[in-house]
Amino acid sequence: MDACGAVEKEIDKVLTKFDDIRRNSSTTIDDLLNHVNNIRREIEDGGTSGTINPGQAILLSQTVKRIQDSLGHVSADHKDLHGNVSKVGKAIDRNFVSDFNSVCNETAFAKEEQTSEINQVICEHFLRQGMLDIAESLVEESGLEIHDQQIEPFLELHRILEALKQHNLSPALHWAQAHRNELTHHRSSLEFKLLRLNFIDLVSQGVAKQQEALHFARNFAPFASSHTKELQVLMGTLLYLRQGLDSSPYRHLLDPIHWVDICDVFTREACTLLGLSMESALSVIVKAGCAALPPLLTIKQVMLQRQCSGVWSAKDELPVEIDIGVDCRFHSIFACPILKQQSNDSNPPVRLICGHVISRDALQKLANGNKVKCPYCPVEQAPSDARQIFF
Ligand SMILES: [Zn+2]
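The shown structure was predicted, so the numbers you read here are calculated from the model rather than taken from an experiment.

### A few points about the state of the cysteines
- Across all of its chains, the model carries zero disulfides by this definition.
- Cys4 takes part in no disulfide bond, and the closest cysteine sulfur, belonging to Cys290, lies 10 Å away.

Structure representation (structure tokens):
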């Protein structure tokens, strides 16, 4: 954030200067234009002979000099502005790391299938954002094999979300009604929440929409038993049709947060049904990368200073644990407390009979014949008693 602040300060300087120059220049140019127009009128009024008398000639040469002077000032200001603009570039260089090579994994893009996977991730992101034309160009240029059936769900998702952001509930309602069985199976209240927003919208329009609101309330029938309390509240709002919802005890229902909330609920439910993640893989990767890069660069620098860069040799594993926030935590991982390594299929976590968990490699290292002593409590046991743990 400090880095952004420092660059922003330079940008502010440029903008202030730019405004000053623009103001001064336009006043100067306006003055000059007026002056030139006045002279032209004067000469034109002076007769049609086309000759200029000595007085006018002096006036003209004075004007030319004045214009040249002003032009000099404007171009000097312009050059000055360039100096400030280049300071912004220098501030960016100074405050941001431009060389990420030290923490780069060269093998990440080495194989063709890896490049293809990356292209697919980028393409999926574009589709989710509704940028169909860019996604299609990428598919074409990178030779990805993506069929229309794969594209359609993303586009539908995007269309519905865009409509929701415009407070248009119909596409989302149609979708929810078409997928009612699956949604009920997931105990989703998406359809109810959509109907509720629609109903509140009608009620908030007052007596004019009374009939429509009452008629619309029939849609709540399937939710009578599952959302009884909420329905009682909704029916209570009808009492305030005349008075207006905003001055009623139900005004919290008008809170715009419900519209933000419905977008989240819809995205979550739709992604679950389509077997997609809430966010595109690219967003998650960029978010995780932004959080992890600064500490990683610091660590790398410290390693270089202390000449122990060899410590971080395993490129697919980070030298330290970096907290990238709960949003980016998708599944549990186990790091062996003895070997300080993350467990994997070939070295899974095992539970000793005393309840302590270590990795299988650690168990083998600690085992002495058919006996092993737990490193945390002195319980002695047979290595074969240890059981593999699955997360
Ligand atoms: Zn133990």
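### A look at a negative patch on the surface
- Taken together, the side chains of Asp133, Glu136, Glu140, Glu141 and Asp148 present a region of like negative charge at the surface.
- Residue contributions to the negative patch peak at four residues, all from helix α4 (residues 132–142).
- Here Asp148 shows up in helix α5 (residues 148–165).
- The exposed category is assigned to Asp148, whose relative accessible area is 61%.

### Quick notes on α5
- With 18 residues, α5 extends 26 Å between its outermost C-alpha atoms, agreeing within 8% with the 26 Å of an ideal straight helix rising 1.5 Å per residue.
- Those residues of α5 that sit buried are Ile151, Phe154, Leu155, Leu157, Ile160, Leu161, Ala163 and Leu164.
- Those residues of α5 that are buried lie in contact with α3 (112–128), α4, α6 (170–178), α8 (190–203) and α11 (257–274).
- Looking at the residues trailing α5, positive phi occurs at His167, about 65°.

### Details of the domain arrangement of the chain
- The domains assigned to the chain are domain 1 (2–95), domain 2 (118–274) and domain 3 (331–391).
- In this structure, domain 2 and domain 3 have C-alpha centres spaced 49 Å apart.

### Let's talk about the packing of aromatic side chains
- Under the criterion given, the structure shown has six aromatic pairs.
- For the pair Trp175 and Phe266, a centre-to-centre distance of 5.3 Å together with 75° between the ring planes defines the contact as edge-to-face. Here Phe266 lies in helix α11 and Trp175 lies in helix α6, a separation of 91 residues in the sequence.
- Among the aromatic side chains, those forming a connected cluster through ring pairs are Phe192, Phe199, Phe216, Phe220 and Phe223.

### Description of the pattern of salt bridges
- According to the stated counting rule, one finds twelve salt bridges in the structure shown.
- Salt-bridge contacts for Lys209 lead to Glu212; the nearest nitrogen and oxygen are separated by 3.4 Å.
- What makes Glu212 partly exposed here is its relative accessible area of 42%.

### Concerning the coordination of the zinc ion
- Surrounding the zinc ion are the protein donor atoms Cys354 (SG), His356 (ND1), Cys374 (SG) and Cys377 (SG), at 2.0 to 2.2 Å.
- Of note is the zinc ion, whose four donor atoms meet at the metal with angles of 104 to 112° in an arrangement that counts as tetrahedral.
- Between consecutive donor residues of the zinc ion, the sequence gaps follow C-x1-H-x17-C-x2-C. Placement of the pair is Cys354 in the loop between β1 (349–351) and β2 (357–359) and Cys377 in the loop between β3 (372–373) and β4 (380–381), with a sequence separation of 23 residues.

### As for the sheet that holds β1
- As summarised here, the arrangement of the three strands in space is β2-β1-β5, forming an open sheet in which the pairing is antiparallel. Edge positions in the sheet fall to β2 and β5 (387–388), since each of these pairs with one other strand and no more.
- Pairing analysis gives two bridges linking β1 to β5, with the strands arranged antiparallel. Paired with Arg351 across the bridge in β5 is Arg387.

### Some remarks on α4
- Every buried residue of α4 is listed here: Ala135, Leu138 and Val139. Taken around the axis of α4, the buried residues stretch over an arc of 100°, which confines them to a single face. Facing away from the buried side of α4, by more than 90 degrees, are the exposed residues Asp133, Glu140 and Glu141.
- The secondary structure elements touched by the buried residues of α4 are α3.
- Looking one or two residues past α4, Gly143 carries a phi angle of roughly 70°, positive in sign.

Calculation criteria
Residues numbered from 1 in each chain as written. Predicted model: local features only at pLDDT ≥ 70, side-chain atom pairs only at ≥ 80, totals over all residues. Heavy atoms only, no water. Disulfide = S-S within 2.5 Å. Patch = residues over 30% accessible without salt bridge, like charges linked within 9 Å, V, L, I, M, F, W, Y side chains within 5 Å. Areas by Shrake-Rupley, 256 points an atom, 1.4 Å probe, with all protein chains shown as cover. Salt bridge = Lys/Arg side-chain N within 4 Å of Asp/Glu carboxyl O. Lys, Arg positive; Asp, Glu negative; His and termini not counted. Charge placed at Lys NZ, Arg CZ, Asp CG, Glu CD. Helix = DSSP H or I, 4+ residues; strand = E, 2+ residues; numbered from the N terminus. Buried < 20%, exposed > 50% of the residue type's maximum accessible area, 1.4 Å probe, protein only. Expected span 1.5 Å × (residues − 1). Contact = heavy atoms within 4.5 Å. Domains from an automatic or database assignment. Phe/Tyr/Trp six-rings, centres within 6.5 Å; stacked < 30°, edge-to-face > 60°. Donors = N, O, S within 2.8 Å, 3.2 Å for Na, K, Ca; no water. Tetrahedral: all angles 85-135°; square planar, octahedral: opposite > 155°, others 65-115°. Pairing = 2+ DSSP bridges. Arc of directions from axis to C-beta.

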